[in-house]
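# Residue-level structure breakdown
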Amino acid sequence: MKNKGTIVQWSHQKGFGFIRPLVGGDNVFFHISALVDRQSRPRINESVYYELGGDKEGKKSAKSVIFVKSHSRMDKYTAPMSKAQGFSVLFLGLVAGWVWLARCPYWVLIGYISFSIVTFAVYAHDKRAAQKEAWRTKEASLHLLALVGGWPGALWAQKILRHKSQKQPFKAILWLTIVINISVFMMIFTPFNYYWVQGIITAIR
């Protein structure tokens with residue numbers, strides 16, 4: 001039986017929230033996996049229909065959560081940038097500035113943009129494969145694309161496609177590849193490379 005309620009709490013980063021039943025009573029927990037339309041972002045004070053279920057521990061939770069008013073398909077594009085996407089934009093802006101100052105070859109910026117586009121496309125392909133239960137792209141391949149410079153595309157794919165955005169082990173490895181990639185960039189194309197080389201020489205001596 002369908003129940004009606006209002007979303008009173010939602011954490012996009014954690015992927016869960018709570019619904020206040022229209023008939024009153026305790027708030028009902030719901031996970032992002034319970035959303036029928038996972039492409040849209042839940043909103044505070046938004047009305048939803050849901051069914052009552054339970055988790056493995058027997059605690060009450062909502063399932064088959066449906067928005068009373070359908071969301072625009074543009075929501076995933078117009079939603080505010082998260083810190084991760086903002087960081088990727090800032091980094092590419094810094095690379096562009098470094099190129100403009102002639103401190104970095106132009107092909108580095110082109111490489112980041114090209115690999116980001118390819119990475120986004122691979123994420124999109126993998127999501128379609130997951131929905132159709134077809135052959136999936138290996139996570140190692142996704143991480144390799146991020147490592148060579150496609151990580152901005154990976155971060156934006158997580159925002160727009162809602163793919164690989166909740167799996168914590170995957171996200172941890174992704175951020176490790178980002179740290180490695182940026183570290184290599186700084187050592188090669190910024191003054192940090194001088195101090196890095198000097199540090200190695202000093203250590204060897």
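Before going into details, it helps to say that this report is about the structure given with it.

Procedures and definitions
- Residues numbered from 1 in each chain as written.
- Predicted model: local features only at pLDDT ≥ 70, side-chain atom pairs only at ≥ 80, totals over all residues.
- Heavy atoms only, no water.
- Helix = DSSP H or I, 4+ residues; strand = E, 2+ residues; numbered from the N terminus.
- Expected span 1.5 Å × (residues − 1).
- Bend = angle between axes of the 7 residues up to and from the residue.
- Axes fitted to C-alpha atoms, helices over the stretch in contact; angles between N-to-C directions.
- Parallel < 35°, antiparallel > 145°, perpendicular 65-115°, else oblique.
- Left-handed = near helix turned anticlockwise from the far one by under 90°.
- Contact = heavy atoms within 4.5 Å.
- Nonpolar A, V, L, I, M, F, W, Y, C, P; charged D, E, K, R; others polar.
- Salt bridge = Lys/Arg side-chain N within 4 Å of Asp/Glu carboxyl O.
- Phe/Tyr/Trp six-rings, centres within 6.5 Å; stacked < 30°, edge-to-face > 60°.
- Buried < 20%, exposed > 50% of the residue type's maximum accessible area, 1.4 Å probe, protein only.
- Pairing = 2+ DSSP bridges.
- Core = buried A, V, L, I, M, F, W, Y, C linked by side-chain atoms within 4.5 Å.

## A few points about helix H4 (residues 139-161)
With 23 residues, H4 should reach 33 Å at 1.5 Å per residue; the first-to-last C-alpha distance of 16 Å falls well below that figure. Taking the largest bend as the criterion, H4 deviates by roughly 120 degrees, centred on Gly150, and proline Pro152 comes between one and four positions later. Count one or two residues on from H4 and you reach Arg162, which has phi positive near 55 degrees.

## Notes on the packing of helix H2 (residues 83-100) against H4
Describing two packed helices takes the angle between their axes plus the distance from one axis to the other. The geometry of H2 relative to H4 is characterised by a closest axis approach of 9 Å and an angle of 150 degrees between their N-to-C directions. In terms of axis orientation, H2 runs roughly antiparallel to H4. Handedness of the H2/H4 crossing: left-handed. On H4, the residues touching Ala84, Gln85, Phe87, Ser88, Val89, Phe91 and Leu92 of H2 are Trp151, Pro152, Leu155, Trp156 and Lys159. A per-class count over the contact of H2 with H4 returns 9 nonpolar, 2 polar and 1 charged.

## Observations regarding the side chain of Thr119
With respect to the secondary-structure elements, Thr119 resides in helix H3 (residues 106-131). Other than its neighbours up to four places away in sequence, Thr119 contacts Leu145, Gly150, Gly153 and Ala154.

## What about the pattern of salt bridges?
Throughout the structure, instances matching the rule amount to 2 salt bridges. In this structure, Asp126 and Arg136 form a salt bridge, with 2.8 Å as the shortest nitrogen-oxygen distance. You can see Asp126 sitting in helix H3 and its partner Arg136 sitting in the loop between H3 and H4, a full 10 residues away along the chain.

## Some points on the packing of aromatic side chains
The full count for this structure, using the stated rule, is 12 aromatic pairs. Ring centres of Phe91 and Tyr112 lie 5.3 Å apart, and the angle between their planes is 80 degrees; on these two criteria the pair is classed as edge-to-face. With a gap of 21 residues between them, Phe91 in helix H2 and Tyr112 in helix H3 connect regions that are remote in the sequence. For Phe91, a relative accessible area of 7% translates into the label buried. Residue classification places Tyr112 among the buried positions, given a relative accessible area of 6%.

## A few points about the pairing of strand E3 (residues 28-31)
Across the two faces of E3 the burial differs, with Val28 and Phe30 buried and Phe29 and His31 not buried at all. Bridge count for strand E2 (residues 16-21) against E3 is 4 bridges, and the pairing is antiparallel. Note on E3: the bridge partner recorded for Ile19 is Val28.

## A few points about the packing of H2 against H3
Contact geometry for H2 and H3: axes closest at 8 Å, N-to-C directions at 160 degrees. Classed by the angle they form, the pair H2 and H3 counts as roughly antiparallel. Handedness of the H2/H3 crossing: left-handed. Contact with H2, carried on its side by Phe91, Leu92, Val95, Ala96 and Val99, involves Tyr106, Val108, Leu109 and Tyr112 of H3 and no other residues of that element. When the residues that make up the contact of H2 with H3 are grouped by side-chain class, the tally is 9 nonpolar, no polar and no charged.

## Looking at the nonpolar core
Ranked by internal contacts, the top residues of the largest apolar core, which has 24 residues, are Phe91, Val95, Val108, Tyr123, Trp151 and Phe185. For this core, the elements supplying multiple residues, two or more each, are H2, H3, H4 and helix H5 (168-189). Sorting elements by how many residues they give to this core places H4 first, with 8 residues. Not counting residues within four places of it along the chain, the set of residues in contact with Phe91 comprises Tyr112, Trp151, Ile182 and Phe185. Judged by nonpolar contacts, the second largest core, of 13 residues, contains Ile32, Leu35, Ala62 and Phe67.

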